[in-house]
Amino acid sequence: MIPSTSLQTALNAIVHDGQAMLDDLQQMLSVDTCFPPGNGYPAFADLMQSLLTPLDFQFQRVSVPKPLWQTPDDSAQGERINLIASLAAGAAENCNLYFHVDTVPAGDGWRFPPLSLTEAEGKLFGRGAADMKGTIVAAMAAIRAARAAGLRLRFNPVLLLCTDEEGGLYPGIRYLAEQHCFHGHMLSFNGGAVPRIWAGCFGSIDAKIIITGRSAHSGDPVGGINAIEAALPLMNALHRLKQDVESRTSLMPSPPHFAGKPLTSRLTLAAAHGGSKGSIIPERFELLINRRYAPEEAFADVWQELAQCVELAMANTPAPDVALQMIGHLAPVSDPGGPHWSRWQAALCQGFGFEENDFAVWGSSTSSDMGWVQQAGMKEILLGGLARPDNRIHAADEYTTMADLVALSQSILAYLADDFSPTPGPQ
């Protein structure tokens, strides 16, 4: 399609809005919202209100009650503030623009300060640059351009700035959906800068197993119970279960980089902690595991399988106590298609330069908190974002690019604009 004059003016304005986008991104990256623990949410909500107030947004703060998100290990700390920012544009329908504001912890191996914006090598580095504070920057630039050009909007944009997507026990969007805090349709930015039609994603469970032994002097260990050694049968049993789990395939179409191989369920021994000194028999050993389960699997069956594995492996352990705790859960997403997808595809073509025949349908064994939105009754979920296979999301030196920020912003603007009239075509 050929954009109208006013829409083209607004699209061009985004290209020249680079400094404001960099300033916004710098301020967002500087607020540490890593989860765990997630105690930076109030400060981030304050920042977003200060950035969005000049755009005439109205705000509602919704805190998730502590009994819902508090984990048995107290790894989650601080108030869970979810910010709903609404712009009443006068349209008949809302479009909910979803963002999670939490990031994974910075971790090791960075060449650049992770909580600051660094421009280098033609890239924009920082924890959350791509996943997903950069997507908030893109949406703000789109709305700024629409206001400057006086564009009429087809959808009222509602920004949902939510907590605890990164493996949280009770993500903020789940609570907002269950409390019916928004209406309209959903556009999630937990996706990539690729021509993809979302087929859904796997669920994810984070579980901690705690083995309690009895400390003693390692040179005179009478009465001591080594928690790490007591856990060896469990680790072997989990490794055997891993082989079984990862033989299970899903009917969900796999990503292009899988080269035709199917998506499979996954079990990962993700972290192990125990012991302090060579002269002390370790009294406590903690094992963190992650289980990715396909939409075809029932959560109750998955959890029961894990619990039985732990129970059987530790049946004869000398350890006086073994505890299995769930500390994070994201439900799977299945069949998120719907009537708005064709317009969103056309908007992505406008912003990123994709062709209609570039699009492919695929899912992933990564996870999203959109499964809770579906369980609350909203089945159609559009997907976009800044993720690319090489931009090191969840790793050191995470980055995005200005080109992708501009392209995503132009896609959002086109989708929201009333005079964006894509030629109807097959999905």
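Residues numbered from 1 in each chain as written. Predicted model: local features only at pLDDT ≥ 70, side-chain atom pairs only at ≥ 80, totals over all residues. Heavy atoms only, no water.

Chemist: Please give an account of the packing of aromatic side chains that cites residues and values.
Modeler: Aromatic ring pairs are reported here in terms of the distance separating the ring centres and the angle at which the planes meet. Applying the stated criterion across every chain yields a total of nine aromatic pairs. Ring centres of Phe354 and Phe359 lie 5.9 Å apart, and the angle between their planes is 90°; on these two criteria the pair is classed as edge-to-face. Residue classification places Phe359 among the buried positions, given a relative accessible area of 12%. Through a chain of ring-to-ring contacts, the aromatic side chains of Phe99, Phe155, Phe189, Trp344 and Tyr415 assemble into a single cluster. Here Arg174 stacks its cationic end above the ring of Trp372, 3.7 Å away from the centre of that ring. (Phe/Tyr/Trp six-rings, centres within 6.5 Å; stacked < 30°, edge-to-face > 60°. Buried < 20%, exposed > 50% of the residue type's maximum accessible area, 1.4 Å probe, protein only. Lys NZ or Arg CZ within 6 Å of the ring centre and 35° of its normal.)

Chemist: For the domain arrangement of the protein, give the residues involved together with the corresponding values.
Modeler: Parsing the protein into structural domains produces domain 1 (5-201 + 333-416) and domain 2 (203-330). Taking only C-alpha atoms into account, the centre of domain 1 sits 32 Å from that of domain 2. The interface is formed by 23 residues belonging to domain 1 together with 20 residues belonging to domain 2. A buried area of about 1,700 Å², summed over both sides, lies between domain 1 and domain 2, and 61% of it is on carbon and sulfur atoms. Contact with domain 2 buries surface across domain 1, with Trp362, Ser365 and Ser367 losing the most and accounting together for 29% of the total. Summed over the shared surface of domain 1 and domain 2, the number is one salt bridge. Notably, a salt bridge pairs Asp73 with Lys208, separated by 2.7 Å at the nearest N-O pair. If you look at where domain 1 meets domain 2, you find six residue pairs in polar contact (both at pLDDT 80 or more). Every element with two or more residues in the side of domain 1 that touches domain 2 is listed here: β8 (196-212), β14 (333-334) and β15 (360-367). (Domains from an automatic or database assignment. Contact = heavy atoms within 4.5 Å. Buried area = accessible area lost by both parts, 1.4 Å probe. Salt bridge = Lys/Arg side-chain N within 4 Å of Asp/Glu carboxyl O. Polar contact = N/O pair within 3.5 Å; in protein donor to acceptor, adjacent residues only side chain to side chain. Helix = DSSP H or I, 4+ residues; strand = E, 2+ residues; numbered from the N terminus.)

Chemist: Pulling in residues and values, what's your account of the sheet that holds strand β17 (residues 399-400)?
Modeler: One open sheet accounts for three strands, arranged β4-β5-β17; its pairing is antiparallel. For this open sheet the edge positions go to β4 (118-120) and β17, each flanked by a neighbour on one side alone. Pairing of β4 with strand β5 (residues 123-125) involves three bridges; the strand directions are antiparallel. Bridge pairing links Glu119 to Leu124 in β5. (Pairing = 2+ DSSP bridges.)

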